[in-house]
Structures are given as C-alpha cells and as structure tokens.
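Analysis of the macromolecular model
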Amino acid sequence: MKQFIDFIPLLLFFIVYKLDPRTVDIAGHSLTVGGIYSATAVLIISSLVVYGALFVSQRKLEKSQWLTLIACLVFGSLTLAFHSETFLKWKAPVVNWLFALAFIGSHFIGDRLLIKRIMGHAISLPDLIWTRLNIAWIAFFLFCGAANLFVAFTFQDYWVDFKVFGSLGMTLLFLIGQGIYLSRHLHDADPTTPKAED
C-alpha cells in the first residue's frame, strides 16, 4: 500500500502534463497550466501534501518515503530552476538505484536483510527464501532504474507515460510474481506442516 501512495503525486503530475498549455489567472497572478514545468510544480506540491499528511497522521515517514520526497524536491526544484526536464528524467533512475543499494547493503550491514525487516513481522520464511527475495528486489530496482533511464533519453515523447504507467505496471507484475513465489514456499516455514514422502 505504501508503494501505491507514491503514485498519487505521479498521477497528478501526469494529468497536468497532458493538459494543453494555457494561461490562467489565480489571485491576480498569471500561471501557465499544462506541460512539463507546471506538472513538475504540481508533483512537488502534491508530494509535500501527501507525505505531510502521512507524517501528521503517523508521526513518522518510512525511510523510503523520505528518500522519495527528498528526490522529488531536489530533482523537481532543479528542473524548475534551470528550466530543463533532464533533471527530472534522472529522478526515477536515481531513486530506484538508491533502493537497490539499500537492499544490497543489508547483505553486509545489520543482522537482517532489508526485505526481512520489511516483511518479517507478517510472514515467517527460511533464510534461503529471504535471501532470494532480497536479491529479487535488488534486480527489480536495478532493472526499473535502467528502464526509466533508457526510455527517458531514447523515447522522449513517451517517457512521462512510462514514468507513470510503466513503473506502476512493472511494480504490479513484480508483486504478483513475488506473491506466487511466496505461496509456494510459505509451507516451508510452518513446522507443523508434514512433509510429503518421496
């Protein structure tokens, strides 16, 4: 659920990006709505609202949410300050690769893999399965980062569509695959389940 909350600002970004650019007057100020720069402003504002509301309601944000918010503020602000969408194109690859780095680091730092810290309270699995899951998340984030970078700089007319729906689609497919994989191994963690005879 936390991952899908991240898509709320992205969907708003997409909607504003797709609008035909027009000038509107708000409180005596003329603002351009539509296109990459107004969409970037909406992305920054909606991210602050969404994560601000989460912080108020939960009294905290997860580390991944802090990372997403900071990346949005940094890359979005650079995009608006320099009037160049190149900065925003790097946001998704950098965030994905930082997530991959965190999962990699958990193999060497701390007493539990990152995936086990995230999901360990909900399910019990053998250590080998946790290791495989952690490696799968590393591969997923590395692939997502590379795919976003490739599309952003190769198919520039479609990079916003891919950023929103491609990322959502890849996440859904990966989570479905993870669910199928886990369903095959959950019985391994239950000591009361009798093993089948060979």
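Residues numbered from 1 in each chain as written. Predicted model: local features only at pLDDT ≥ 70, side-chain atom pairs only at ≥ 80, totals over all residues. Heavy atoms only, no water.

**Considerations on empty space enclosed by the protein**
In total, this model carries one cavity of 30 Å³ or more according to the counting rule given. Considered as a void within the structure, the largest cavity measures approximately 50 Å³ in volume. Surrounding the largest cavity, Leu 88, Lys 89, Ala 92, Asn 148, Val 151, Ala 152, Trp 159, Phe 162 and Lys 163 form its lining. Elements represented by at least two residues in the lining of the largest cavity include exactly helix H5 (86-89), helix H8 (127-154) and helix H9 (159-185). Its residues assigned to classes, the lining of the largest cavity comprises six nonpolar, one polar and two charged. (1 Å grid on protein atoms, 1.4 Å probe; cavity = no way out; pocket = protein on both sides within 12 Å on 5 of 7 lines; lining within 4 Å. Points joined across faces, edges and corners; volume = space filled by probe spheres on them. Helix = DSSP H or I, 4+ residues; strand = E, 2+ residues; numbered from the N terminus. Nonpolar A, V, L, I, M, F, W, Y, C, P; charged D, E, K, R; others polar.)

**Observations concerning the domain arrangement of the chain**
Where interface size is given, it is often the accessible area lost as the parts come together that is meant. Per the domain assignment, the segments making up the chain are domain 1 (1-83) and domain 2 (86-188). Distance between the C-alpha centres of domain 1 and domain 2: 23 Å. Counting residues at the interface gives 22 residues for domain 1 and 20 residues for domain 2. Together, the buried faces of domain 1 and domain 2 total about 1,900 Å²; carbon and sulfur atoms form 84% of this surface. Listing elements by their share of the side of domain 1 that touches domain 2, those giving two or more residues are helix H1 (2-5), helix H2 (7-18), helix H3 (36-58) and helix H4 (63-82). Ranked by residue count, the leading element in the side of domain 1 that touches domain 2 is H4, at 10 residues. The residue inventory of the side of domain 1 that touches domain 2, partitioned by class, reads 15 nonpolar, six polar and one charged. (Domains from an automatic or database assignment. Contact = heavy atoms within 4.5 Å. Buried area = accessible area lost by both parts, 1.4 Å probe.)

**Quick look at the nonpolar core**
Counting 24 residues, the largest nonpolar core has Phe 103, Ile 115, Trp 130, Leu 133, Trp 137, Phe 140 and Phe 141 as the members making the most contacts within it. Elements that contribute at least two residues to this core include exactly H4, helix H6 (91-105), helix H7 (114-119), H8 and H9. If one sorts the elements of this core by residue count, H8 sits on top with nine residues. Formed by 16 residues, the second largest nonpolar core is a distinct cluster that contains Val 151, Trp 159, Val 160 and Val 164. (Core = buried A, V, L, I, M, F, W, Y, C linked by side-chain atoms within 4.5 Å. Buried < 20%, exposed > 50% of the residue type's maximum accessible area, 1.4 Å probe, protein only.)

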